[in-house]
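One letter stands for each residue in the lines below.
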Amino acid sequence: MDTSMTRSAGPAFDALEVRSDFPLLSETIHGKPLVYLDNAASTQKPRAVIDAVSNFYCHSYSNVHRGVHALSVRATEAYEGARDTMRDFLGAADRKEIVFVRGTTEGINLVAQGMTGSMGPGDEVLISGLEHHSNIVPWQMLCERTGAKLQVARIDDSGEVDLDEYRRLLSPRTRIVAMSHISNALGTVNPVKEMIALARAAGSLTLVDGAQAAAHMPIDVQDLDADFYTISSHKMFGPSGIGVLYGKQARLEALPPYQGGGDMILSVTFEKTTYNELPYRFEAGTPCIEAAVGMGVAARYLMDLGFDRIEPYESRLLQDATDVLRQVPDVQLIGTARNKASVISFTLGDIHSHDVGTIVDSEAVAIRVGHHCAQPVMDRFGVSSTCRASLAMYNTLDDVKRLAEALHKVREVFRL
Amino acid sequence: MSDLRELYQEVILDHSRQPRNRGELDGESCRKANGHNPLCGDKVTVYVDVQDGVVRNLTFDGVGCAISTASASLMTEALRGKTIVEVQRMFDEFHALMTSDDATEAEALGKLQVLAGVRDYPVRVKCATLAWHTLKAAIDAGKDAEPVTTE
C-alpha cells in the first residue's frame, strides 16, 4: 500500500471546508444556491487546480521536451512532475508506466487498437454487463477488425456482476478482460481484485476502467495486479482533456505505437523510424500540458485530504442519501449492489427522467437524466432512462435533502 | 426562467398520460418513419395514411417524456384531414413557435399553442419536435418511405 494514500490520519473530514475550496459551488442558478449532484459526469475544480493552470500559463508555459530555453525546461519539469504525482496516485512501480492520454476513453482505445495485430478468430474479449459505452464500443471494434468474439458477463437484479457466469466465460480463448472499477450508471463497486486474479489464472490480460473510482477510493495498481488501469482527470477534480493510462511496463512494451508523430520517435528517416522509449512512445504530438499539470495538482489535493478520511465520509453520505431518497414516494432505486459508491440511480413513478431533470433544475439541483452512456444497463432493468444523483466529497446531506424537496415538486407538477 | 406551470400545462399532462391516436396503422397507402433522439433515448414511430394529398389517418407509438408524448398526441389530432400543403405550413409554424422568441401566435396552430412554453427550455425543444420531424420524414420519403409492415 502506498503510504502517501494514508498519511493524513488527521481530524475528521470536513465537507464544508472542502466545499469552500471549490469556487463554482457558490454559484446561484435561477436565483437559488446550486446543488451539484452530477459528479459522475464531471467534477468541479478546486482553487488549487484553477490557480495551477492559470499560473502555468502566466509563468511557465512553453512546449515540452523540445527547447533548450528556460521556459521549455520549466514546462517540461512541470509536466514530468505531474507524471511522478500520477505514479504516486496510482501506486505504479515506475514513471514509465504512466502514459498521458486524453481521458479514460482514449486509454481504452489505445489498448484495444494496440491488440489488433495479435488477435484473430477464436480469440475472445470479456466485458461485464455494467460497462459504459466507452468500455464496450472499442472492444466491439477490435472484434470487428480481428474476427474475435465479444463475451459479456451478465449482471443480476441488484446490479452486481454474476461472478459464476464470469468464471464460466473465462477460458484459454480469453485474451483480455475489461471491467469498470465502479459503474457510472449504478454505482456498483466491482470486486476487481478478485476478477483480475481469476482472469490472470485463465491467462488473460486485464484492463480496469477506473474513471469513476479515482475521486472516491485509493487505487493501487500493483495491489490489484491490473495489466492496464485508466482514469480521467475531469472526474477527479482536475481539468478535462487529460487522463492517464497505466500499463505494466512489459505490457506497454508489447503494444505497438498508437499514433505516429513528434515526441514519440528517437530518429526519423524516410526509410525507417526508431520509436521513443516508454512512456513517450504513446504520446505523439504536443500534449495538453496545462491539463496534465492541473491533473497532478488535483491528485496531490486528493492525497493530501487522504482517502482514509474521504472514503468513510462518502460511504456514510451515500447511505444517508439513499435513505432520504427512499422516503420520497414513488422513488424506485435502480441498482442495489451490496458494495456501492457515489451513485444513486432511480426512477420516479412513471415520470420520464427528462421531465424530472427539467423540474429539479428549476430548483437549482443538477442531476443527470438519461441512459448515462450505458444503454445495455438500462435494457437490463427494462427502463429507457433513469435519474442519477452522484455524490462527491464536497456534497452534504443538505444537498440530498434539496433534491428530495425538488422531487416532491415534480410529484406536485405531475399530480402524483 | 418561466413558471413550470407554463411548461407542464394541464393539456400537456393529459395528453402525456392518455395519448390520443396511439398505435399502428396498416394498409396499402400507409407509411411510417422512426424517430430517435439519441441524447435521451426517446423513440417514436409515426404512421401516416396519405390519400390524394390528404392525411386520412395519423397515429404514433413509442416511449418518451411528457413533452414528446403530448406533442405527438396533439400533432396527430391537429393534422388529421389536413392536406399535405397545410401540414407543411403547420410544420413551419410549429417550428417557429418552438424556436423563435417573437413567433406570432399562429391561430392555425390552435390547441398546439399549449406547447409554446417549451421554447424557454432550449434542451427540451427537440422533445417537442421529434414527432413532427418523424412525420415529415415519412411524408417526404413518399413511396420510398419504409412501408408499414404488420410482421
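Residues numbered from 1 in each chain as written. Chains lettered and ligands numbered in written order. Predicted model: local features only at pLDDT ≥ 70, side-chain atom pairs only at ≥ 80, totals over all residues. Heavy atoms only, no water.

J.: Requested: an account of the interface of chain A and chain B, with residues and values cited.
T.: Contact residues are listed per partner, giving 15 residues for chain A and 19 residues for chain B. Interface of chain A and chain B: buried area, both sides summed, is about 1,500 Å²; carbon and sulfur atoms make up 57% of it. Per-residue buried area on chain A facing chain B is highest for Thr358, Phe414 and Arg415 of chain A; these three make up 31% of the total on that side. Scanning the region where chain A abuts chain B turns up two salt bridges. Taken together, chain A and chain B are joined by eight residue pairs in polar contact (both at pLDDT 80 or more). Among the elements of the structure, α12 (353-361) and α14 (397-413) of chain A are those that each provide at least two residues to the side of chain A that touches chain B. The residue makeup of the side of chain A that touches chain B, split by class, is three nonpolar, seven polar and five charged. (Contact = heavy atoms within 4.5 Å. Buried area = accessible area lost by both parts, 1.4 Å probe. Salt bridge = Lys/Arg side-chain N within 4 Å of Asp/Glu carboxyl O. Polar contact = N/O pair within 3.5 Å; in protein donor to acceptor, adjacent residues only side chain to side chain. Helix = DSSP H or I, 4+ residues; strand = E, 2+ residues; numbered from the N terminus. Nonpolar A, V, L, I, M, F, W, Y, C, P; charged D, E, K, R; others polar.)

J.: Which residues make up the domain arrangement of chain A, and what values go with them?
T.: Residues and elements named next belong to chain A. Considered domain by domain, chain A is made up of domain 1 (15-33 + 307-413) and domain 2 (50-303). Here domain 1 and domain 2 have C-alpha centroids that lie 28 Å from each other. Counting from both sides, the interface comprises 34 residues of domain 1 and, opposite them, 30 residues of domain 2. Of the roughly 2,600 Å² buried between domain 1 and domain 2 on both sides combined, carbon and sulfur atoms contribute 59%. (Domains from an automatic or database assignment.)

J.: Break down the nonpolar core for me, with residues and values.
T.: All names here are of chain A. Judged by nonpolar contacts, the single largest core of 149 residues is most densely connected at Phe89, Tyr166 and Ile231. The element that contributes the greatest number of residues to this core is helix α10 (residues 289-305), accounting for 10 residues. Residues from two domains meet in this core; each of domain 1 (15-33 + 307-413) and domain 2 (50-303) gives at least three. Among the nonpolar cores identified, the runner-up in size contains 25 residues, and Leu110, Met119, Ile127 and Phe282 belong to it. (Core = buried A, V, L, I, M, F, W, Y, C linked by side-chain atoms within 4.5 Å. Buried < 20%, exposed > 50% of the residue type's maximum accessible area, 1.4 Å probe, protein only.)

J.: Residues and numbers for the confidence of the model for chain A, please.
T.: When pLDDT is averaged across chain A, the result is 95; 98% of the residues are at 70 or more. Per-residue pLDDT stays below 50 along residues 1-7 of chain A; that stretch engages in 18 contacts with residues further than four places along the chain or on separate chains. (pLDDT = per-residue confidence, 0-100.)

J.: Break down the sheet that holds strand β3 (residues 54-63) of chain B for me, with residues and values.
T.: Strand pairing in a sheet takes place through backbone hydrogen bonds and is either antiparallel or parallel in direction. Residues and elements named next belong to chain B. With antiparallel pairing, three strands are arranged side by side in an open sheet as β1-β2-β3. In the strand order of this sheet, the two ends are held by β1 (30-37) and β3, each with one partner. If you compare each strand with its neighbour and ignore which way they point, the axes differ by 20 degrees on average. Where β1 and strand β2 (residues 42-51) come together, eight bridges link them in antiparallel fashion. Opposite Cys30, over in β2, you have Asp49 as the bridge partner. Contacting β1, β2 and β3, helix α5 (residues 125-141) runs over the sheet at an angle of about 145 degrees to β1. (Pairing = 2+ DSSP bridges. Axes fitted to C-alpha atoms, helices over the stretch in contact; angles between N-to-C directions.)

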